[in-house]
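# What the coordinates show
Here are the chains, one letter per residue:
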Amino acid sequence: MIRAYGPALALIGLAALVPFAVSANTVLNFIVFALIIALAAQGWNLLGGLAGQFSFGHAAFFGTGAYAAALLQTRYGVNAWVAFALGIVLAAAIGWVIGFLSFRSGLRGSYFALVTLAFAEVLRILANASAFTGGAAGTLVKLDVRPENFQFVSRAAFVWIAVALVGAVLLMTIAIMRARFGAWLTAVRENEDAARALGVDTLAVKLKAITLSAAITGAAGALYVQYFLYLDAGIAYGPWISIEALIAPIIGGIGTAFGPVLGAVALHVFGEAAKLVAGGVPGIDLVLYGLLLVATIAFAPDGLMGLLMRLGRRKTKEAR
Amino acid sequence: MLEVRGLIAGYGGTDVLRGIDLDVAPGEIVAVLGANGVGKTTLNRALSGLIAPRAGTIRFLGEAIGGRKPAAIVSAGLIHVPEGRRIFPNMSVRDNLVLGSYRRGKPARQNNLERIFALFPRLRERSAQAAGTLSGGEQQMLAIGRGLMGEPRLIILDEPSLGLSPLLVEEMFTLIARIAADGLAVMLVEQNVVQSLELASRAYVLENGRIVAAGPAAEIAADPALKHAYLGL
């Protein structure tokens, strides 16, 4: 138990201490944003990494969580915490529907990826056109800084909430990987036909995976809107978040529990550093993302986690 | 225990199986023979629920299983070891085996694992190794062992000798005989006619989606015209 969960618990504990050490708003901003991306990426990793179903459209879940959390508050006066929870539920529901439609018709591999991309784009166009979502002008959540409104004076509170969410998903991922469900996910990823022949109900397994995955990424969206208090269709359903959600696990280590978190943090540290160095060149961080992705696939196909494991093994070999 | 009547199945617009009648009795080894493309694999896929039959009945232990989900058919005790090994290459040998028995309880799993390791000592030696690093013969053993983990009453082996060296083929058939000696019914779907007929008690010859000959294995082995016409010997 300690072997399995110890490193995760230690990391969560350390992350929770950060707001005591750092008080600069820019740094805390950066941490909250990186953790939101990490959460979205953890959701992607559950479906893409563990079950091997690559989605290019996790924006569909991120955006649904975000819009639901925002609109329930602004249009229906629902309490922010309740709206947050409902956002997660609605994102999960969208995940189930998209999963049902695409997995039932047997879509796999690049076909599944393209269909998810199409769903996200359809939602983006609808959200951009509809008056209900505020259209192209977007939706503002009213600033009313009170804890019962899920708004806090100090940014540290958001860091703790984000750490709690990312930490909970981290522990859940480890638990899944150790459980029968995790073995089923791996079986579906490695050879779906063989898994079926062994009596794994692959449709049910994939539906569970996409629903859970959508709920997690939806939580990231709901947290995003609660932190920034503004949303438009491009932020909610735009391709940027689909890409962030899949690049982070690829860089960090696809199908590992820590990979998405490590990848998201590394990616954003790198991006910020690039902005500092390159200064005025707009979009330089995106160019560097591309280079980093190519470098990862060429030199560390198992991501940072794979790289760390390899280094660890080399060390123990040398020690002997 | 397995009773197939008038089975028709196929893909898209074409019927691959055009009316199959077939029986397997408890504890029996039955060979299903035929060249490439006569419908052997389609028959397996229909029996194990991977494709739905278009017509006909499949009864297993008295229950109609035609068109049921593969998971339900596996739970009923009919397990299909697909051709080409289909192991999970990045999982350990042990995890591959354990996956085969998730439909059974936890205590059963440990027992089954011991049983399989006793049957295939090579798998015990390699239990922590990634399955993809095993040799072809070992991978085939793993695929069969994984099927046995689910406690089948009838196991369907699809081309277990495919791609193995002659020596390993010999070993594989000895193993199948040993499995059947435990009282398990085996349906052996093979292109390797000579050895299958030596091992099986009865055989069916498949041609163009139909059964063209059925009977005791010895009789089929002794019929040169039949062997020449359909089995290329």
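Just so you know, these numbers come straight off a predicted model, no measurement behind them. (Residues numbered from 1 in each chain as written. Chains lettered and ligands numbered in written order. Predicted model: local features only at pLDDT ≥ 70, side-chain atom pairs only at ≥ 80, totals over all residues. Heavy atoms only, no water.)

### Comments concerning the interface of chain A and chain B
Taken residue by residue, the interface counts 16 residues in chain A and 20 residues in chain B. In total, about 1800 Å² of surface goes out of reach between chain A and chain B, with carbon and sulfur atoms giving 59% of it. Broken down residue by residue, the surface that chain A buries against chain B is led by E190(A), R196(A) and L198(A), which jointly contribute 36%. Taken together, chain A and chain B are joined by two salt bridges. Note that D201(A) is salt-bridged to K69(B), the shortest N-O span being 3.0 Å. Seen at the junction of chain A and chain B, the total is two residue pairs in polar contact (both at pLDDT 80 or more). Mapped by element, the contributors of at least two residues to the side of chain A that touches chain B are α7 (180-190) and α8 (192-197) of chain A. At six residues, the largest contribution of residues to the side of chain A that touches chain B is made by α7(A). The residue inventory of the side of chain A that touches chain B, partitioned by class, reads eight nonpolar, three polar and five charged. (Contact = heavy atoms within 4.5 Å. Buried area = accessible area lost by both parts, 1.4 Å probe. Salt bridge = Lys/Arg side-chain N within 4 Å of Asp/Glu carboxyl O. Polar contact = N/O pair within 3.5 Å; in protein donor to acceptor, adjacent residues only side chain to side chain. Helix = DSSP H or I, 4+ residues; strand = E, 2+ residues; numbered from the N terminus. Nonpolar A, V, L, I, M, F, W, Y, C, P; charged D, E, K, R; others polar.)

### Concerning the sheet that holds strand β9 (residues 202-207) of chain B
Residues and elements named next belong to chain B. Pairing is mixed across the open sheet formed by six strands, whose spatial order is β6-β7-β8-β3-β9-β10. Only two strands of the sheet have a single partner each, and these edge strands are β6 (78-81) and β10 (210-216). Each strand axis lies, on average, 15° off the axis of its neighbour in the sheet, ignoring direction. Each of β3 (29-33), β9 and β10 touches helix α10 (residues 224-231); the most contacted strand, β9, lies at about 45° to it. (Pairing = 2+ DSSP bridges. Axes fitted to C-alpha atoms, helices over the stretch in contact; angles between N-to-C directions.)

### Quick notes on the pattern of salt bridges
Residue and element names in this part refer to chain A. Tallying each qualifying case throughout the model produces 18 salt bridges over all chains. Residues R146 and D144 are paired through a salt bridge, measuring 2.8 Å at the closest nitrogen-oxygen approach. For R146, a relative accessible area of 38% gives the class partly exposed. E192 is the partner of K206 in a salt bridge, and the nearest nitrogen-oxygen pair spans 2.8 Å. Of this pair, K206 sits in helix α9 (residues 202-228) while E192 sits in helix α8, and the two are 14 residues apart along the sequence. (Buried < 20%, exposed > 50% of the residue type's maximum accessible area, 1.4 Å probe, protein only.)

### Concerning the side chain of T139(A)
All names here are of chain A. With respect to the secondary-structure elements, T139 resides in strand β1 (residues 139-140). Relative accessible area serves as the criterion here: at 7%, T139 is assigned to the buried category. Once residues within four sequence positions are removed from consideration, T139 is found in contact with Y67, A70, L71, T74, T133, G134, L229, Y230 and L231.

### Observations regarding the confidence of the model for chain B
Residue and element names in this part refer to chain B. In this model, chain B carries a mean pLDDT of 89, and residues with pLDDT of at least 70 account for 100%. Here α10 stands out as the element of chain B with the lowest mean pLDDT, 75, in contrast to strand β7 (residues 154-158), whose mean of 94 is the highest. In the predicted assembly, ipTM is 0.76 and pTM is 0.85. (pLDDT = per-residue confidence, 0-100.)

### Side note on the sheet that holds strand β5 (residues 63-64) of chain B
Residues and elements named next belong to chain B. Within the open sheet, the four strands sit side by side as β2-β1-β4-β5. Their pairing is antiparallel. In this open sheet, the two edge strands, each paired with only one partner strand, are β2 (14-24) and β5. By the bridge criterion, five bridges tie strand β1 (residues 2-11) to strand β4 (residues 55-60) in an arrangement that is antiparallel. Following the sheet pairing, I8 is matched in β4 by A55. Sheet contacts for helix α1 (residues 40-47): β1, β2 and β4; angle to β1, the most-contacted strand, approximately 115°.

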